[in-house]
Amino acid sequence: MTTATHDEWLHRAKTFAPPRTHLIDGEEEAGGGSTFTVVSPRDGHVLADVADAGQAEVDAAVAGARRAFDHGPWPRLAPAERGRVLIRIAELLEEHRAELALAVSLEMGKPITDAHDIELRAVINTFRWYGQLADKVTDESPHTAPDALALVTREPVGVVGAVVPWNFPLTLAGWKVAPALAAGCTVVLKPSENSPLSALLLGRLALEAGLPPGVLNVVAGDGPVAGRALGLHPDVDVLAFTGSTVVGRHFLRYAADSNLKRVWLELGGKSPNIVLPDAPDLEKAAATAAWGIFFNQGEMCTAPSRLLVHSSIAEQVTEAVVARARALRVGDPLDPATEMGALVGSAHLDRVLDHIRAGVDDGARLRAGGTRTLTETGGVYLEPTVFDQVTPAARLAREEIFGPVLSVLTFDDLDEAVALANATEYGLAAGLWTADLSTAHRVSRALKAGTVWVNCYEEGDLTVPFGGMKQSGNGRDKSAHALEKYTELKTTWIQL
C-alpha cells in the first residue's frame, strides 16, 4: 500500500524524468527524429516529446526480435532459466514501483493509489507467476502401438507483436509480454500513444533484468502507422491486441493481407450486472455496482456499464448507487485520497459527453453527474454519471462508452434478465447477484460472456483465464492457457 502523501507525490512528479526513446535490439533509439507529445490529463501539462515510430523503426524492432529468436539464446535457454529472468523483472518492477505508478498516473489519469496498489501489484504478480510457471509446462507422449513413439511438443511461435491500450498500460502489457517470454518467444511491444512512458520504463527494466538484446523491443507510436506496420509485417508470427472492436477488425485484415499471422484479440464490452431480489446483500450489490463502473474512471472493457435490476428492487438499488456516485471523490490523481481521477484526454471526454447527451435525447433519466468538472485545473474530469429508465434499444444500452456512465435497466423475470444481458454484440464479462445456488449455475451457463462473477465483480487471480465471446474477441490472457497463444504444437512420430 502506498504511504506517500499528496505533497510527496507532487514532489516526485516535479522530478520525474520520462523516457523519450524507443528500445530496439537492446539500445535506446530516437529513430528518424520525429516525435509526438504526451500530455497529462491531470492538468494539461506536457510530460514529454517522445520518439514517434514509423515503418523504419518498426522494421528495425522486428528485425531485432527476429535475430534474437532465430539466432539468440532466449528460445534455447532451459525454461527454468527464462523463468528466473522473469522473476527478476518482477523484482525490479517492485523496486521501481513508485516511479512506474507515477508514470501511469501522470500519463492516463489513474488515481495514484490505484496505480501503485492495484496496477503495479498486477503487473508484478504477472511476471512472477509466469516466471514460476515457465518450467512447469510439459509435453505429451500419447500411447501408441509398441513399434512407434509419438511426441507432441510445444515450441515457441516466434516473433510476437503486442499492441496494448492506455487504460491499464502495464497490466495489459504484462498479460501479453510475460507468457510470450515464458514460452521462449521474442516481442515487439507497442503501447498506446497516450501512455507510452510506463511501457518504455518496463522495457528498460526488462533489459536490466537480463533479457538478451532484441528479446523485448518497445516502440512508441500511433495505431494507424506503427500499429499497422506491426500488423502487416511478414516477420511477425503472432499479433496480440487489446483495444476496440473497430481496430481489432483492422488487425484481422492486416493478417489476411500479409502472412496470415495468428491474431489474438481482447476487445470491447458492454457488460451486464444482474441483481435479483434474493441477492444476499443488496447494499453490497449496489456498492459493488458503483465501484465497478467508476473504478478507473469507467475506462475498463469489463466495466459493469449495464445494471439490470429486478423491478421490485430497482428504485432501492438505484438510489444506493446514486448516493455513492454523488459521494465519490473526484480529484487530482496524485492525491492518495482521490477515488476517481481524470479521463485520458479531451477527445475521449468529448466522446463520453456525446453519449450522455444522446442518453438524455433518448429519454433516459439522468440521476447523477453528466457534467464536466474541475475545469479550473486544466485537466479532463467528469462527474460520475447514472441514468435510469434506459430502454434496451438506446445507445446507452448498446454502445461501449468507456467512461464513468452507468445505465440502469429493469426486468420482471429471470428469462427477461438473461435476454437483456445477452442482447449485445459483446460477450466479455457479466455479474450476477443471487442467493440461490441453482439460479447461479443456470444463469451463469446461459450468459454469453467469457467471465461471470457471482455475488462479486472484478475478482480473480492469475490462475483463471480472461477473454471474451462474440465481438469481445478470442483467445485468453492470464492463466496457463495464455501460453497457447504463443506456442506451436508439433507432432513427431518415430517408427521404432
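Bear in mind that the values here come from a model prediction, so they are computed numbers and not experimental data.

Chemist: Lay out the overall build of the protein with the relevant residues and their values.
Modeler: Check the secondary structure of the protein and you find 15 helices and 22 strands. For the protein, the spread of C-alpha atoms along the principal axes amounts to about 70 × 65 × 45 Å. The 496 residues of the protein split such that 57% are buried. In the protein, the proportion of contacts linking residues at least 24 apart, taken out of those at least 6 apart, comes to 74%. Taken as a whole, the protein presents about 19300 Å² of accessible surface, with 52% of it coming from carbon and sulfur. Both charge centroids of the protein, one from 45 positive and one from 63 negative side chains, sit 2 Å from each other.

Chemist: Break down the side chain of Glu119 for me, with residues and values.
Modeler: When you line up the elements, Glu119 lands in helix α5 (residues 112-133). A relative accessible area of 1% means that Glu119 is categorised as buried. Polar side-chain contacts of Glu119 include one of 3.2 Å to the side chain of Lys110. Look past the residues within four positions of Glu119 in its chain and what remains in contact with it is Val104, Lys110, Asp114, Asn167, Phe168, Pro169, Leu170 and Thr171.

Chemist: Give me the lowdown on a negative patch on the surface, citing residues and values where you can.
Modeler: On the surface, Asp412, Asp413, Asp415 and Glu416 cluster together into a negatively charged patch. As for its position among the elements, Asp412 is in the loop between β17 (405-411) and α14 (414-422). Since its relative accessible area comes to 53%, Asp412 is described here as exposed.

Chemist: Talk me through the state of the cysteines; I want residue IDs and the actual numbers.
Modeler: Evaluated as defined, the whole model comprises zero disulfides. Cys456 provides the cysteine sulfur closest to Cys301, a residue in no disulfide bond, and the two sulfurs are 17 Å apart. Note on Cys301: relative accessible area 13%, which makes it buried.

Chemist: Could you give an account of the UniProt feature "domain: Aldehyde dehydrogenase" (unreviewed entry) in the protein, with specific residues and numbers?
Modeler: Per the UniProt record, the feature "domain: Aldehyde dehydrogenase" (unreviewed entry) sits at residues 34-491. End C-alpha atoms of residues 34-491 are separated by 47 Å, and the span's content is 40% helix alongside 19% strand.

Chemist: Before we move on, can you summarise the confidence of the model for the protein with the specific residues and values?
Modeler: On average, residues of the protein score 98 in pLDDT, and 100% of them reach the 70 mark or higher. Per-element averaging of pLDDT across the protein places strand β2 (residues 27-29) at the bottom with 96 and strand β7 (residues 186-190) at the top with 99.

Chemist: Requested: an account of the pattern of salt bridges, with residues and values cited.
Modeler: Inspection of every chain in the model, using the stated rule, returns 25 salt bridges. A salt bridge links Glu28 to Arg204; its shortest N-O distance comes to 3.3 Å. Taken as a pair, Glu28 in strand β2 and Arg204 in helix α7 (residues 196-209) lie far apart in primary sequence, 176 residues in all. Taking relative accessible area as the criterion, Glu28 reaches 53% and is therefore assigned exposed. The partner of Arg154 in a salt bridge is Glu140, with the nearest N and O atoms 3.1 Å apart. Highlighted residues: Arg154 in strand β5 (residues 148-156) and Glu140 in the loop between α5 and β5, separated in sequence by 14 residues. Using a relative accessible area of 37% as the deciding quantity, one classes Glu140 as partly exposed. A cluster of three or more residues bridged by salt bridges with shared partners is formed by Glu315, Glu319, Arg365, Arg367 and Asp388.

Chemist: Describe unusual backbone geometry, naming the residues involved and giving the relevant values.
Modeler: The backbone phi angle of Asp25 is positive, close to 55°, even though this residue is not glycine. The topology assignment puts Asp25 in the loop between β1 (22-24) and β2. In the Ramachandran plot, Gln297 falls in the positive-phi region, its phi being about 60° despite a non-glycine side chain. Take Gln297: it is sitting in the loop between α10 (282-294) and β12 (306-310).

Chemist: Account for the UniProt feature "active site" (unreviewed entry) in the protein, with residues named and values stated.
Modeler: UniProt feature "active site" (unreviewed entry): in the numbering of this structure it lies at Glu266. With a relative accessible area of 3%, Glu266 lands in the buried category. Once you skip the residues sitting within four places of it in the chain, Glu266 turns out to touch Phe241, Thr242, Gly243, Cys301, Leu428, Phe466, Ser472 and Asp477.

Chemist: Describe the nonpolar core, with residues and values.
Modeler: Among the nonpolar cores identified, the biggest contains 103 residues, and Phe127 and Val275 are the most heavily contacted of them. Dropping the residues within four chain positions of it, Phe127 is found in contact with Leu86, Ile87, Ile89, Ala90, Leu93, Gly174, Val177, Ala178 and Leu202. In this structure, Leu276, Leu349, Ala394 and Leu420 belong to the second largest nonpolar core, which totals 29 residues.

Chemist: Can you break down the packing of aromatic side chains residue by residue, with the values?
Modeler: Enumeration according to the criterion identifies eight aromatic pairs in this entry. Aromatic pair Trp129 and Tyr130: ring centres 5.0 Å apart, planes at 85°, arrangement edge-to-face. Using a relative accessible area of 21% as the deciding quantity, one classes Trp129 as partly exposed. By relative accessible area, Tyr130 is classed as buried at 0%. Every member of this aromatic cluster is reached through a ring pair, and the members are Phe168, Trp291 and Phe295. Looking at Arg12, its charged tip hangs above the ring of Trp9, at a distance of 4.6 Å from the centre. Between the NZ or CZ atom of Lys110 and the centre of the ring of Phe168, over which it lies, the distance is 3.8 Å.

Chemist: Go over the environment of Glu94, please, and point to the residues and values.
Modeler: Along the chain, Glu94 turns up in helix α3 (residues 79-95). For the pair Glu94 and Phe168, spaced 74 residues apart in sequence, the C-alpha separation works out to 17 Å.

Chemist: Talk me through the pairing of strand β6 (residues 159-163); I want residue IDs and the actual numbers.
Modeler: Of all five residues in β6, five are buried; the element is thus mostly enclosed. The alternating pattern of β6 places Val159, Gly161 and Val163 and Val160 and Ala162 on opposite faces, both of which are buried. Examined bridge by bridge, β6 and β7 share five bridges and lie parallel to one another. Opposite Val159, over in β7, you have Thr186 as the bridge partner. Handedness of the β-α-β unit built from β6, helix α6 (residues 171-183) and β7 comes out right-handed. As paired strands, β6 and strand β9 (residues 238-242) are joined by four bridges and run parallel to one another. Along β9, the bridge assignment pairs Val160 with Val238.

Cut-offs applied
- Starting afresh in each chain, residues are numbered from 1 along the sequence in its written order.
- With the structure being a predicted model, the display of local features is reserved for residues of pLDDT at least 70 and the display and counting of side-chain atom pairs for 80 or more, all residues being used for whole-chain, interface and lining totals.
- The basis for every side-chain value is the complete set of non-hydrogen atoms in the structure, without hydrogens or water.
- By the criteria applied, helices consist of DSSP H or I runs no shorter than four residues and strands consist of E runs no shorter than two, each listed in order from the N terminus.
- For every residue, the accessible area (1.4 Å probe, protein chains only) is compared with the maximum for its type, and the residue is labelled buried under 20%, exposed over 50%, or partly exposed between those bounds.
- Residue contacts are counted whenever heavy atoms from the two residues lie within 4.5 Å of one another.
- Accessible surface area values rest on a Shrake-Rupley calculation with a 1.4 Å probe, where residue burial reflects the displayed protein chains alone.
- Asp and Glu are treated as the negative residues and Lys and Arg as the positive ones, with His and the ends of the chain left uncounted.
- Working definition for charges: the position is that of NZ of Lys, CZ of Arg, CG of Asp or CD of Glu.
- Between N or O atoms, a polar contact is any pair within 3.5 Å; within protein, one atom must be a potential hydrogen donor and the other a potential acceptor, and residues adjacent in sequence are included only when both atoms are from side chains.
- Exposure above 30% relative accessible area and no salt bridge define the residues that can form patches, which grow by joining like charges within 9 Å and nonpolar side chains of Val, Leu, Ile, Met, Phe, Trp and Tyr within 5 Å.
- Every case where a carboxyl oxygen of Asp or Glu lies within 4 Å of a side-chain nitrogen of Lys or Arg is listed as a salt bridge.
- Note on terminology: pairs of cysteine sulfur atoms within 2.5 Å are recorded as disulfides.
- UniProt positions are given in the numbering used here, feature names are shortened, and annotations may be inferred rather than shown by experiment.
- In predicted models, pLDDT denotes the confidence assigned by the predictor to each residue on a 0 to 100 scale.
- Buried residues of nine kinds, namely Ala, Val, Leu, Ile, Met, Phe, Trp, Tyr and Cys, make up a nonpolar core once their side-chain atoms join them within 4.5 Å.
- Pairing of aromatic rings covers Phe, Tyr and the six-membered ring of Trp, with a centre-to-centre limit of 6.5 Å; geometry is then stacked below 30 degrees between planes, edge-to-face above 60, and tilted otherwise.
- For a ring to carry a charge above it, either NZ of a lysine or CZ of an arginine must fall within 6 Å of the ring centroid while also lying within 35 degrees of the normal to the ring plane.
- Whether two strands pair comes down to DSSP finding at least two bridges between them.
- Seen with its strands pointing away from the viewer, a crossover is right-handed when the path leading from the first strand over the helix to the second is clockwise.

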